[in-house]
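Secondary and tertiary structure notes
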Amino acid sequence: MWTFTIRRILIMLPQILLLSIVIYLLAKMMPGDALTGLIDPNIGPEAIEAQREKLGLNNPWYVQYWDWITNVFQGNLGQSFQHKLPVTELVSQRLINTFWLSVMTLILTYAIAIPLGLISGRHNDTWTDRMITGYTYIGFAAPIFIFALLMLFVFGFHFGWFPTSGSVEPGAVPGTFDYFISKINHMLLPALSMALITTVSTVQYLRSEIIDTKQKDFVLLARSKGVSESRIYRNHIFRNSLLPVAAFFGYEITGLIGGSIFIENIFSYPGIGQLFLNSVMQRDTSVVTALVLLFGIASILGTLLSDIILSIVDPRIRMK
Amino acid sequence: MMLQSEAVKQKPMRSPSSWSILWREIVRDKLALISLIFLVITMAFVYGISLILNQSEIVKVDLFAIHEPPSENFLLGTDYGGRDVFGQLIIGTRNSISIGILVTLISGIVGIIMGVVSGYFGGTVDNILMRILDFFMILPTLMIVIVFVSVVPNYGVMSFSFIMSAFLWMGIARLIRSKALQEKELDYVQASKTLGSSHLKIIFTQVLPNISSLIIVTMTLNLAANIGLESGLSFLGFGFPESTPSLGTLVSYARNPQTLEYRWWIWLPASLLILILMLSINNVGQALKRATDAKQRRG
């Protein structure tokens with residue numbers, strides 16, 4: 001197991017390196033550079049040129065890349081010219097919001113997936129199962145942004161049950177109980193919209209896993225020993241079906257990244273996805289590079305996590 | 001003796017062609033059949049009508065007709081520029097389907113070539129191609145596409161579809177590779193090699209036809225996903241320019257809370273149309289998928 005994990009991590013390192021080069025070159029293609037936002041219109045072109053030389057912006061790209069990546073490793077991601085803040089500070093402010101939104105989404109995803117998967121796997125080909133399968137069918141096809149818009153329209157505007165934008169009530173004081181409740185309240189609808197879509201594949205997977213397990217010999221044995229049906233499901237089938245589902249946890253994180261861009265945009269939730277879109281539109285290059293790098297590494301780590309869990313659950317994978 | 005002559009008289013049963021299996025599965029599955037009919041009618045309608053409609057007329061701003069609710073003049077009302085939503089819906093559907101098909105074809109061809117070459121030749125070629133594929137797999141696709149769209153100079157429909165395709169070929173490549181790996185071990189390929197057929201001939205006239213049903217299934221399912229992704233990008237403002245409306249462009253007007261709350265006629269029809277289109281294509285795709293697996297067939 002350890003050799004697999006270490007080998008898997010070693011494969012990851014060149015991937016991250018390559019990712020950083022691609023992102024850097026992409027950022028170079030964007031109009032403007034680190035100096036654009038700092039230029040004072042009263043300074044003459046010679047002074048700008050001197051400043052460019054001093055900042056190393058006239059060096060060949062690999063030298064600049066080296067400067068950039070060494071800075072990144074020291075936690076210095078540059079300056080956002082739009083927000084006039086160090087990128088690290090700006091990103092970490094927004095990251096907290098996205099982090100909690102993701103946690104909420106994951107909790108809801110599994111809170112929905114496990115009961116639905118269990119019911120539809122246990123009573124397969126009944127009326128209830130068909131309803132659940134029908135839902136997964138629609139959820140599988142529906143694009144997340146349309147679903148989220150419909151949710152916002154129905155529950156946010158039409159019924160007015162949930163706040164429709166932001167991450168907290170404007171007047172709330174941090175630290176108080178009301179602040180906490182308001183945060184949760186603002187997160188609920190976006191998280192639910194995302195969870196109802198992302199949960200679909202887990203439901204489908206759990207369902208087929210349970211249908212598979214309940215025909216196995218050890219279940220037959222337990223039945224013949226007279227174990228009650230509910231106990232069989234709780235202790236024998238559920239446990240054995242859950243492990244492979246748990247292994248997809250890491251891929252789930254990767255999926256959240258794409259979703260959060262849409263969700264945060266629709267619900268005007270001040271997280272990283274929204275910051276990313278705004279920065280691309282404002283051409284805030286240093287923020288864009290930092291965010292793509294962050295999301296890229298997060299998705300690499302998510303895949304790594306899933307691969308490791310899978311290798312623990314299913315020893316055959318280690319052999320490859 | 002009697003039995004023997006009867007057996008001689010009877011024609012040997014031919015195994016059904018893959019096309020007839022695909023067709024039979026769709027007919028057996030009522031939902032898939034309805035979806036297919038819906039798709040054919042929608043496409044005929046949309047492509048037919050848009051021949052008559054004048055695109056530049058529809059996207060022309062008319063300041064005297066801003067945000068009109070549905071009426072006799074405007075079947076589905078007008079948007080913030082006084083443009084007829086119904087006309088935009090027709091043109092948007094056409095553009096979305098067209099770009100979906102285009103992206104599916106481009107990414108499909110790239111994926112098939114990568115997959116077949118990798119699976120058929122194996123060894124070092126396979127290793128190198130798969131490492132490239134692995135790298136593309138870990139990229140945060142949506143973000144990279146958005147960044148690309150914003151940096152490409154003289155951006156248009158063609159460059160948009162190439163950018164999308166560049167990050168969407170991996171799934172099909174992986175699938176085709178694993179299938180080609182199995183296929184090349186089979187006797188017919190070995191026999192063909194022994195007879196001296198060139199690799200190209202074996203790949204194009206023998207291996208590819210044998211995995212064609214898989215290709216059709218994957219491409220159908222990809223089409224649904226690509227229409228969704230395109231409309232998503234247009235929704236965020238990184239897809240089609242506003243002068244070429246897509247379904248996502250119409251939905252994107254709902255990012256204005258006023259429009260979302262009070263002017264449903266602008267965004268709701270387009271949203272539902274995207275939803276139904278993707279569901280229908282998926283239904284057809286799932287039926288085709290069952291057809292390729294003898295164990296799951298209903299027909």
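Every value quoted in this text rests on a predicted model; they were computed, and no experiment measured them. (Residues numbered from 1 in each chain as written. Chains lettered and ligands numbered in written order. Predicted model: local features only at pLDDT ≥ 70, side-chain atom pairs only at ≥ 80, totals over all residues.)

Another aspect to go through is the overall build of chain A. Helices and strands together make up the secondary structure of chain A, namely 13 helices and 2 strands. Principal axes of the C-alpha set define a box for chain A whose edges measure 90 × 55 × 35 Å. With 320 residues in all, chain A has 34% of them scored as buried. For chain A, contacts bridging at least 24 residues in sequence account for 72% of all contacts bridging at least 6. (Helix = DSSP H or I, 4+ residues; strand = E, 2+ residues; numbered from the N terminus. Buried ≥ 20, exposed ≤ 12 C-beta atoms within 10 Å, placed from the backbone. Contact = placed C-beta atoms within 7 Å.)

This part covers the overall build of chain B. Scanning chain B for helices and strands turns up 15 helices and 0 strands. Relative to its 299 residues, chain B shows a buried fraction of 41%. Nonlocal contacts in chain B, meaning residues at least 24 apart in sequence, comprise 66% of its contacts between residues at least 6 apart.

With 28 residues of chain B at the contact, the number on the chain A side is 33 residues. The set of elements that each furnish at least two residues to the side of chain B that touches chain A consists of α6 (123-138), α7 (141-151), α12 (212-236), α14 (257-262) and α15 (264-292) of chain B. By residue number, the principal contributor to the side of chain B that touches chain A is α7 of chain B, which donates 7 residues.

Right, let's talk about the packing of helix α3 (residues 30-52) of chain B against α15 of chain B for a bit. All names here are of chain B. Between α3 and α15, the least distance of the axes is 8 Å, while the angle of their chain directions is 130°. One element, α3, and the other, α15, form an angle in the oblique class. Like other packed secondary-structure pairs, α3 and α15 cross with a definite hand, here left-handed. Across from L31, A32, S35, L36, F38 and L39 in α3, the residues of α15 making contact are S280, I281, N283, V284 and A287. (Axes fitted to C-alpha atoms, helices over the stretch in contact; angles between N-to-C directions. Parallel < 35°, antiparallel > 145°, perpendicular 65-115°, else oblique. Left-handed = near helix turned anticlockwise from the far one by under 90°.)

A few words now on the UniProt feature "transmembrane region" (unreviewed entry) in chain A. In the numbering adopted here, UniProt assigns the feature "transmembrane region" (unreviewed entry) to residues 9-27, 99-119, 140-161, 187-206, 241-267 and 287-313 of chain A. Secondary structure within residues 241-267 of chain A divides into 93% helix and 0% strand; the distance between the first and last C-alpha atoms comes to 35 Å. (UniProt positions renumbered as here; feature names shortened; annotations may be inferred.)

Turning to unusual backbone geometry, a few remarks are in order. In this structure, D125 of chain A takes a positive phi of about 65° despite not being glycine. Looking at D125 of chain A, the number of C-beta atoms within 10 Å reads 9, which means it is exposed.

So, on to the confidence of the model for chain A. Chain-level pLDDT for chain A is 81 on average; 91% of the residues reach the 70-or-more range. Confidence, read as mean pLDDT per element, is least for helix α13 (residues 316-319) of chain A in chain A (60) and greatest for helix α5 (residues 127-141) of chain A (89). (pLDDT = per-residue confidence, 0-100.)

Within soluble globular proteins, side chains that are nonpolar generally end up buried alongside one another. One finds A148, F276, L291 and V292 of chain A together with L250 and V251 of chain B to be the most contacted residues of the largest nonpolar core, which totals 126 residues. Here this core takes 13 residues from α15 of chain B, the largest share from any one element. (Core = buried A, V, L, I, M, F, W, Y, C linked by C-beta atoms within 7 Å.)

Let's shift gears to the confidence of the model for chain B. Residue and element names in this part refer to chain B. Per-residue confidence for chain B gives a mean pLDDT of 82, with 83% of residues at or over 70. Per-element confidence in chain B is highest for helix α5 (residues 85-121), whose mean pLDDT is 90, and lowest for helix α1 (residues 2-9), whose mean pLDDT is 55. Across the predicted assembly, pTM comes out at 0.83 and ipTM at 0.82.

All names here are of chain B. By the secondary structure assignment, M219 is in helix α12. For M219, a count of 21 C-beta atoms within 10 Å corresponds to the buried category. Separated by 114 residues in sequence, M219 and L105 place their C-alpha atoms 7.8 Å apart. Dropping the residues within four chain positions of it, M219 is found in contact with T104 and G108.

This brings us to the environment of P153 of chain B. Here P153 of chain B shows up in the loop between α7 and α8 (157-166). Distance in space between the C-alpha atoms of P153 of chain B and I34 of chain B is 43 Å, their sequence separation being 119 residues.

This part covers the packing of helix α4 (residues 87-122) of chain A against helix α7 (residues 177-213) of chain A. Residue and element names in this part refer to chain A. Between α4 and α7, whose axes approach to 6 Å, the crossing angle comes to 35°. Seen along the crossing, α4 lies across α7 with a hand that is right-handed. Residue composition of the contact of α4 with α7, by class: 20 nonpolar, 8 polar and 2 charged. (Nonpolar A, V, L, I, M, F, W, Y, C, P; charged D, E, K, R; others polar.)

Once that is clear, we can look at helix α11 (residues 272-282) of chain A. Every α-helical turn comprises 3.6 residues, leaving residues that sit three or four positions apart pointing alike. Of all 11 residues that make up α11 of chain A, 8 are buried, and the element is covered over most of its length. Those residues of α11 of chain A that fall on the buried side of the exposure criterion are I272, G273, Q274, L275, F276, L277, S279 and V280 of chain A. Each element contacted by the buried residues of α11 of chain A is listed here: α4, α10 (249-266) and α12 (285-313) of chain A together with α7 and α12 of chain B. Positive backbone phi, at 60°, marks R283 of chain A, one or two positions downstream of α11 of chain A.

Attention now goes to α5 of chain B. Here α5 of chain B is 37 residues long and its end C-alpha atoms lie 52 Å apart, about the 54 Å a rise of 1.5 Å per residue gives. Taken across its 37 residues, α5 of chain B has 26 buried, putting it largely inside the fold. (Expected span 1.5 Å × (residues − 1).)

Once that is clear, we can look at the environment of T220 of chain B. All names here are of chain B. Structurally, T220 can be placed in helix α12. Along the primary structure T220 and K289 are separated by 69 residues, whereas in three dimensions their C-alpha atoms are 9.5 Å apart. When neighbours within four sequence positions are excluded, T220 is seen to be in contact with I281, V284, G285 and L288.

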